[in-house]
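# Breakdown of the fold
In case you want the letters, here they are:
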Amino acid sequence: LSLTQADVLKIIEAAKAEGMTSEQEEGIRHIAADAQVRLVVELSNLLKLEAADFDITEDQFNDLKAIQTFQDTEAYISTAVYDFSTVTEVPGTGVTGEVEETTASIAEILEAEEVLVHSIVEEIPKFADIELTCDVVKTCGQAAVVLTGADIAKMPSQDVKDCLEDFGMLNYTPEQVDDVWPAIKEKLERTAADKFSEGDVVLLRNLLPAVAKQDLELLDLSASFIDGVSVLGSVTRDLSNEELKPIAMKYVDAKEGEDFTDAEVQSLGHLLCGLADHEWNRSFKFISKARLLKMLPQLLSINCVSNEEMKLNWKSKLPKDTVDLDIVNLSWLASILYAEDLDDVDYRELTGAAVRNLGSLEASSKESLSNLNPQAASLISLQWIEDLEDVDKMKAVAKSSGEDPRIRTALTAKLTDALGSAYPPPLPPPAREPRNAEPQDGGDNPGARASALFSLITFALVVCISSSSDLVLL
């Protein structure tokens, strides 16, 4: 139902013509006053208006907002009894079946719905009472990632074996995979002498980081196992260089001094980041510049966090002038190859992988640091921030890193100590414009807007009956 102001006027005029009782006129005045109060209060909430916008005192404004409106109507609605009818018609026949009628108050309807909801909830089994099987894990899909090691430990061994591929495809956090792997391993009943085959490694997939850290002896890391090594190299990006080192060196030891082939470099992937300094030195010694350029597309994808020894090797073997790639495409190598010419680098083009290899922030200008994109800046080492002494550079990093909580917490503490006052400083309270101030730059004036809206809330029904008796308006 939608009535315009003209519709309301017609209805009231028709009622007046037929004759209104004093009680009806009083009722209409009461409705008008309630409507006026309700509209003013709702507008003040919506438009953030205050007492001054209505030319009334704060006490008057508070009294206005405290007025209870339409109490009789709301009381009626809450206790009203409604008739519900259901008519069933046989399609295509025009024959109507019996009409079933029921009556209930709103309170009774709500109570019945609440009972129904509670009954449904009671029928849902508790997680602790569910018997976990492989079928349940498959049905859950990626939601099965919430299963803990303790949950998996309760599963039958055969179900865990049957669902090994499903567990291997779940997107675990490093903490989750470290928790669930011991339980899965126990169900698989593997010993150090019973190494995983390449097929097993493909099934284990996202479980491999935990397998490599906790049970490296179960993995055959040799050149004859290169397909399995390739899978391992693709899923170990969350491991640090120290965690990668025993994995990479186990493969190196199995080669017994042989040089890496191009296929091996591509297959090892992120595992290359775990090579010891002496192995990087040996590898770079025998790899020609032309061959290194040929392998560069594979090497750029591994995103290592390099140490000083690794940086020296790269800079000596691959000067930036020999690489026909821009800063963005150089990825993690950008900040290494341009380490001596950082002033020539547009920091807006540095990827997160490149920022992780910047090293000391003292070598970068404050202008460059302020140009870092937020995602890249969020990967700055906390140790670099701890070592930073230049206040302007601290502010530049704070600006570029946005709201990253890790960086923000560290910089807030350092800048507060360095400046001797809170950082960032509190914002001054906004200056309130005078109520009758002219709009600026075509902007809207709250006082003028309120005045115009306030004049509209003298409803048609008030105007219509104001002549019949003394109407007290708000």
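See the structure printed just above.
Before going into details, it helps to say that this report is about the structure given with it. Computed from a predicted model, the values in this text were never measured in an experiment. (Residues numbered from 1 in each chain as written. Predicted model: local features only at pLDDT ≥ 70, side-chain atom pairs only at ≥ 80, totals over all residues. Heavy atoms only, no water.)

### Observations concerning the nonpolar core
The line we're drawing: In this description, a nonpolar core means a group of buried Ala, Val, Leu, Ile, Met, Phe, Trp, Tyr and Cys residues linked to one another through side-chain atoms lying within 4.5 Å. When accessible area is computed with a 1.4 Å probe and restricted to protein chains, residues below 20% of their type maximum are described as buried, those above 50% as exposed, and intermediate ones as partly exposed. Any two residues whose heavy atoms approach within 4.5 Å are treated as being in contact.
Counting 98 residues, the largest nonpolar core has F167, I184, L219, W314, L350 and I380 as its most contacted members. Among residues more than four places away in sequence, those in contact with I380 are V355, L361, L372, I385, V397, R406 and I407. Core analysis: the second largest hydrophobic core is formed by 8 residues, V37, A51, F54 and F61 among them.

### Some points on helix α2 (residues 22-47)
The α-helix advances 3.6 residues per turn, and as a result positions three or four apart in sequence lie on the same side. Under the convention used in this document: The secondary structure listing takes helices from DSSP runs of H or I that are at least 4 residues long and strands from runs of E that are at least 2 residues long, numbered from the N terminus. Expected helix span is computed as 1.5 Å times (number of residues minus one).
With 26 residues, α2 should reach 38 Å at 1.5 Å per residue; the first-to-last C-alpha distance of 37 Å fits that figure. Of all the residues in α2, the buried ones are E25, I28, R29, A32, D34, A35, Q36, V37, V40, V41, L43 and S44. Just downstream of α2, K48 is the residue with a positive phi angle, here 55°.

### Describing the state of the cysteines
Where we set the bar: Any two cysteine sulfur atoms lying within 2.5 Å of each other are counted as a disulfide.
Applying the stated criterion across every chain yields a total of 2 disulfides. C134 shares a disulfide with C163; S-S distance 2.1 Å. Between C134 and C163 the sulfur-sulfur dihedral comes to about 90°; the bridge is accordingly right-handed. Pair noted here: C134 is in helix α6 (residues 134-140) and C163 is in the loop between α8 (157-162) and α9 (164-168), with a separation of 29 residues, a long-range link. An identical accessibility class is assigned to C134 and C163; each is buried. Here C273 engages in a disulfide with C304; their sulfurs sit 1.9 Å apart. The chirality of the disulfide connecting C273 with C304 is left-handed, given an S-S dihedral of about -95°. Residue C273 is located in the loop between α15 (262-268) and α16 (277-286), and its partner C304 is located in the loop between α17 (289-300) and α18 (308-317); the two are separated by 31 residues in the primary sequence.

### A closer look at unusual backbone geometry
Phi is positive for R205, which is not a glycine, with a value near 30°. For R205, the location among the structural elements is in the loop between α11 (198-204) and α12 (208-214). Phi at N303 is positive, roughly 50°, even though this residue is not glycine. Tracing the backbone through its elements, the reader meets N303 in the loop between α17 and α18. Taking the relative accessible area as the measure of exposure, N303 reaches 23% and is therefore partly exposed.

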